Amino acid sequence: MDYTNDKYEFGIDFSNVSPIPGNPAELLEYQIDFKKLIKTEQNKIKKFHRSGAGGREVIQAHTSLIDSVLCYLINELAASRKKIPAETILEEFSLIAVGGYGRGELNPCSDIDLLFLTSKNIRRATDLLIQDFIPILWDLGLEVGSSCRSLQECLVLAEKDVTAKTSMIETRFMIGSQKKYKKFFQSIEKNSLRKNIKGFLHEKSKEKNLRYEGGAGPSSDPEPNIKEGVGGLRDYHNALWAVAIRFGVLSFREIPRKDIISSEELDILNLSIDFTLRVRNELHYLKNKKQDILTYDLQKKAGLNLGYKEPNEALRVEEFMHNYFIHATNIHQYSEIIFQRCIE
């Protein structure tokens, strides 16, 4: 998927990329060239962010970039297998994006969580492709977490582990067998997500209360955790998961009942989520790694880069943090309203 916005046009061009070399001695040069290609596109997205782009616009552009890279490499690896047609190999698995990446919300340095869905018995060539794939991504500097499971193993794990079950709420098919993904999606929905709804919501409520320990409210921490703290993005995620489990939909706009949240409240919530996503993008760019604590030092740098123009540094930080805490309060209040009404 290409992403276009006025003077910023995104869509990585693989036309000048050579095939993955079979000779290990040539692999390092291939990786260096490929990393440069990815870095060029990442820098374009960073400039887009610094030009004032919204939080969602940037994470969508970044998600699209990583989608393109992963699918290209899978196709290349499948084509490099000499004895078995690529189409045959690709029908033996489904590559699925899960978690935040599955939701399409990939901040610049967030983990890329992947699931290889396979049958119990697959060809050796397919097994070797999967084994080769993840190390290539690591060598390209991408933060990747992956698992390889059968459908039955996914169902068993989702029944035992609430975190695993949560990761399977928001999934996206990427490449491979669409038939396998469709069966996975329908089976997880029927045999896991639609079962023990109250128990799942209770566990999520307990997790929420543990996160809130020591935090009296969104503005109680002068150096807030913008993901896990009170009013952080995890509050929004929690509400999304509750809606998915309770009503079987993947966005607040699709909620079938009008008494959960009004359209006007939802507009406010979405604006606040976009603001916080934009702040998180900036923290990742400043530290060049995952960063969720908005420290005093980062408040100074982030406020400036996010467009706060007050020349007095103390007043500029005060204005930025005042806005942050307003948005954090919105996220906390409206997400809690949605979550509690899903429990009722």
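Reference entry: report on the structure contained in this document.

Reading the values: the criteria
For every chain, the first residue of the written sequence is number 1, and numbering continues from 1 onward in sequence order. For this predicted model, a pLDDT threshold of at least 70 governs which residues receive local features, and a threshold of 80 or more governs which side-chain atom pairs are given and counted, while totals over whole chains, interfaces and linings are taken from all residues. Values shown for side chains rest on all heavy atoms present in the structure; no hydrogens or waters enter the calculation. In short, DSSP must find at least two bridges between two strands for them to pair. For the purposes of this entry, the term helix denotes a DSSP run of H or I that reaches at least four residues, the term strand denotes a run of E that reaches at least two, and both are numbered from the N terminus. Axis angles are defined between N-to-C directions and span 0 to 180 degrees, where every axis is a line fitted to C-alpha atoms and, for a helix, only to the segment in contact. Here a salt bridge means any side-chain nitrogen of Lys or Arg lying within 4 Å of a carboxyl oxygen belonging to Asp or Glu. The classification of residues rests on relative accessible area computed with a 1.4 Å probe and restricted to protein chains. Under 20% of the type maximum is buried, over 50% is exposed, and intermediate values are partly exposed. Here the expected span of a helix is defined as 1.5 Å times the quantity of residues minus one. Arc definition: it is the arc formed by the directions from the helix axis to the C-beta atoms. Two residues form a contact once any of their heavy atoms are found within 4.5 Å.

As a further point, take the sheet that holds strand β6 (residues 172-176). Pairing is mixed across the open sheet formed by four strands, whose spatial order is β5-β4-β3-β6. Two strands in the sheet have a free side with no partner beyond their single neighbour: β5 (144-149) and β6. Neighbouring strand axes in the sheet, compared pairwise and without regard to direction, differ in orientation by 25 degrees on average. Of the pairings in the sheet, the one linking strand β4 (residues 112-118) to β5 comprises six bridges and is parallel in character. Counted as the bridge partner of Ile112 is Val144 from β5.

Evaluated as defined, the whole model comprises 18 salt bridges. Linking Asp292 and Arg280 is a salt bridge whose minimum nitrogen-to-oxygen distance equals 2.6 Å. Taken together, the residues span a long stretch of sequence, with Asp292 in the loop between α11 (263-287) and α12 (296-305) and Arg280 in helix α11 at a distance of 12 residues. Side by side, Asp292 and Arg280 carry an identical accessibility label, which is buried. With a shortest N-O distance of 3.4 Å, Lys301 and Asp297 are connected by a salt bridge. Separated by four residues within a single helix, Lys301 and Asp297 lie in helix α12, roughly one turn from each other. A relative accessible area of 41% places Lys301 in the partly exposed class. The partly exposed category is assigned to Asp297, whose relative accessible area is 41%. What you see here is one network of salt bridges that share partners, running through Arg56, Arg103, Glu105 and Glu170.

When the terminal C-alpha atoms of helix α9 (residues 197-212) are compared, their 23 Å separation across 16 residues agrees well with the 22 Å that a helix rising 1.5 Å per residue should span. Residues Phe200, Leu201, Lys204, Ser205, Lys208, Arg211 and Tyr212 constitute the buried set of α9. All buried residues of α9 project into a common sector of 140 degrees when viewed along the axis, lining one side. Facing away from the buried side of α9, by more than 90 degrees, are the exposed residues Lys198 and Leu210. Considering only its buried residues, α9 is in contact with α7 (162-167), α10 (233-247) and α13 (313-343).

No statement about biological role is implied by the geometric values presented.
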